[in-house]
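Here is how the chains run, residue by residue.
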Amino acid sequence: MGTVVDSGKKEANGSSLSEKKATVVFVLGGPGSGKGTQCTNIVEHFGYTHLSAGDLLRAEKESSSENGTMIQNMIKEGKIVPSVVTIKLLQRAMQANNNDKFLIDGFPRNEENRAAFESVTGIEPEFVLFLDCSEEVMERRLLGRNQGRADDNIDTIRKRFKVYMESTLPVIEYYNSKGKVRKIDAEKPVEEVFEAVKSVFTPLHEKVHFFGRILCSSKTRKRLPKSVLPDVPKKKKKSLSPLSATTPQATSSSRPDQGSTSDPAEQPSTSAPYLIPISQRC
Ligand SMILES: Nc1ncnc2c1ncn2[C@@H]1O[C@H](COP(=O)(O)OP(=O)(O)O)[C@@H](O)[C@H]1O
Ligand SMILES: O=c1ccn([C@@H]2O[C@H](COP(=O)(O)OP(=O)(O)O)[C@@H](O)[C@H]2O)c(=O)[nH]1
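All values derive from a computational prediction rather than experimental measurement. What you see as residue numbers is a count from 1 along each chain, following the sequence as written. Chain letters start at A and ligand numbers start at 1, both assigned in the order the entries are written. In keeping with the predicted nature of the model, local features appear solely for residues at pLDDT of at least 70, side-chain atom pairs appear and are counted solely at 80 or more, and the whole-chain, interface and lining totals rest on all residues. For the side-chain quantities, the full set of heavy atoms in the structure was used; hydrogens and water were omitted.

A closer look at unusual backbone geometry
- Residues F107 and P108 are joined by a peptide bond in cis, for which omega reads 0°.
- As for its placement among the helices and strands, P108 is situated in the loop between β3 (101–105) and α5 (111–121). Labels follow the DSSP assignment, with helices taken as runs of H or I lasting at least four residues and strands as runs of E lasting at least two, numbered in each case from the N terminus.

Here's what the structure looks like:
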């Protein structure tokens, strides 16, 4: 669960996020990829608290005389608000909530956001849900969103795409190099995207720890896509190729767009097929 690397980090009100042992999942993807839409579904099914960095900033813009104008200008220009402001809002929201599972939507947007969040809160994400979508589809969705947002116009949308490509994709690459990215095809209809999202979250909530490994129930195993599980030999017979087991990498890859990790430490046990290393998240 969202690794707490430092229990000494305190927010202004004196209580520590680390003490809450918060599980954090970052939800990333371009503007209009469907982050907010899928977060709503995840909240309903898996009991997370949804924190949209953009929503928090928009609320702060309305209430803060100190930062209101700055936030308004940054959003209008599609720029990234300084980490210190966004992280304070996220910390406050997490502290104010009794839940210990948070979906942080639309953050971190750049390397500075990422490093500052980890250093200030002492929390690393459990994983990063990456909603992958083409600019063409995202642009169409944003222009049809109709929520009266100051940044859903074609000029600002183009600027947001540029910032996303230049600043946010490197963050996704960073987490991918750590095996933490779960990539989803976000161009499909909402329900189909959520089916894929569910297959990422479900094992996390049904796992049973067993000597440092995760034991999947056969029920869970039946629901998992074949590609995320190692092969299960029907009978105990000698394999011609002991290294031929499928690696459970359907939703995670060594780059967001391709491939899989080849780290032997990350490979599943082929001798005990129902026991899967924790790092493979079932
Ligand atoms: N899979 C989808 N297919 C079609 N439209 C979608 C899909 N997901 C979201 N939308 C719509 O696209 C718009 C942007 O979605 P939203 O969840 O607000 O994206 P984000 O939070 O990533 O900016 C909304 O109007 C939403 O209803
Ligand atoms: O961590 C964040 C999240 C959002 N924003 C600003 O808020 C805008 C809207 O972000 P949101 O996530 O609400 O919408 P999206 O662009 O993903 O549709 C962005 O373009 C940024 O200007 C920011 O500066 N930092």
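Digging into the site of ligand 1
- We call a residue near a given molecule or strand whenever any one of its heavy atoms falls within 4 Å of it. Neighbouring residues of ligand 1: 14 residues in total, closest K35, G36, T37, R145 and K188.
- Polar contact criterion, stated in full: a pair of N or O atoms within 3.5 Å, where within protein one must be able to donate a hydrogen and the other to accept it, and residues adjacent in sequence count only if both atoms are side-chain atoms. Contact between ligand 1 and T37: an oxygen atom at 2.5 Å from a side-chain N or O atom of the residue.
- When contributions to the shell around ligand 1 are tallied by element, the ones reaching two or more residues are α1 (35–46) and α8 (190–206).
- When residues in the shell around ligand 1 are grouped by element, the largest group, 3 residues, is from α1.
- Taken together, the residues that form the shell around ligand 1 break down as 4 nonpolar, 6 polar and 4 charged. Throughout this entry, Asp, Glu, Lys and Arg are counted as charged residues, while Ala, Val, Leu, Ile, Met, Phe, Trp, Tyr, Cys and Pro are counted as nonpolar. The remaining residues, Gly among them, count as polar.

Quick word on the site of ligand 2
- Surveying the vicinity of ligand 2 reveals 21 residues, the closest of which are K35, R58, K79, V81 and R160.
- For ligand 2, an oxygen atom lies 2.7 Å from a polar atom in the backbone of V81.
- R149 is positioned such that a nitrogen or oxygen atom in its side chain is 3.0 Å from an oxygen atom of ligand 2.
- Here the open area of atoms and residues is found with the Shrake-Rupley method and a 1.4 Å probe, where only the protein chains shown may cover a residue. Protein contact buries 97% of the 510 Å² of open area that ligand 2 shows by itself.

Quick word on the layout of surface pockets
- In the cavity and pocket records, a cavity denotes points on a 1 Å grid over the protein atoms alone where a 1.4 Å probe fits but cannot get out, a pocket denotes an open set with protein on both sides within 12 Å along at least 5 of 7 lines, and lining residues are residues with an atom within 4 Å of a point. Grid points are joined across faces, edges and corners, and a volume is the space filled by probe spheres set on the points. Quantified by volume, the largest pocket comes out at close to 890 Å³.
- Together, 45 residues line the largest pocket, and K35, R109, R145, R149 and R160 are the ones closest to its centre.
- Of all the secondary structure elements, the ones that give two or more residues to the lining of the largest pocket are β1 (23–29), α1, β2 (49–52), α2 (53–63), α3 (68–76), α6 (135–143), α7 (154–177) and α8.
- Here the residues of the lining of the largest pocket are counted per class, giving 16 nonpolar, 17 polar and 12 charged.

Regarding α1
- Counted at 1.5 Å a residue, the expected span for α1 with its 12 residues is 16 Å, and the 16 Å between its end C-alpha atoms agrees.
- Burial in α1 covers these residues: K35, Q38, C39, N41, I42 and F46. Take α1 and look down its axis: the buried residues cluster within an arc of 165°, on one side only.
- Note on contacts: a residue pair qualifies if any of its non-hydrogen atoms lie within 4.5 Å across the two residues. The elements touched by buried residues of α1 are β1, β2, β3, β4 (127–132) and α8.
- Note on α1: the residue one or two positions beyond its end, G47, has a positive phi of about 70°. One fewer than the residue count of a helix, multiplied by 1.5 Å, yields its expected span. Classification of residues uses two cut-offs on accessible area relative to the type maximum, computed with a 1.4 Å probe and protein chains only: under 20% is buried, over 50% is exposed, and between them is partly exposed. Directions are taken from the helix axis to each C-beta atom, and the arc is the one they span.

Quick word on the packing of aromatic side chains
- Centres within 6.5 Å make a pair out of two Phe, Tyr or Trp rings, where for Trp the six-membered ring is used; the pair is then stacked when the planes are under 30 degrees apart, edge-to-face when over 60, and tilted otherwise. The full count for this structure, using the stated rule, is 8 aromatic pairs.
- Centre to centre, the rings of F26 and F107 are 6.3 Å apart; their planes meet at 75°, and the pair counts as edge-to-face. With F26 in strand β1 and F107 in the loop between β3 and α5, this residue pair connects regions lying 81 residues apart in the sequence. Note on accessibility: F26 and F107 belong to one class, buried.
- Judged by centre distance (5.2 Å) and plane angle (65°), the ring pair of F127 and F201 falls under edge-to-face.

Quick notes on the side chain of N99
- Mapped onto the elements of the fold, N99 is located in the loop between α4 (83–95) and β3.
- There is a polar contact of 3.2 Å between the side chain of N99 and the backbone nitrogen of K101.

Some thoughts on the sheet that holds β4
- Taking strand neighbours across the sheet as the criterion, the 5 strands line up as β2-β3-β1-β4-β5 in an open arrangement whose pairing is parallel. One side of each edge strand has no neighbouring strand; the edge strands of this open sheet are β2 and β5 (181–185). Looking at each pair of strands side by side, their axes are set apart by 20° on average, direction ignored.
- In terms of strand pairing, β4 meets β5 through 5 bridges, oriented parallel. Residue L131 lies in a different strand from β5, and its bridge partner there is I184.
- Each axis is a line fitted through C-alpha atoms, and for a helix only the stretch in contact is used; angles between axes span 0 to 180 degrees, taken between their N-to-C directions. Its contacts with the sheet put α1 on β1, β2, β3 and β4, and the angle it makes with β3 is roughly 170°. The criterion for strand pairing is that DSSP finds at least two bridges linking the strands in question.

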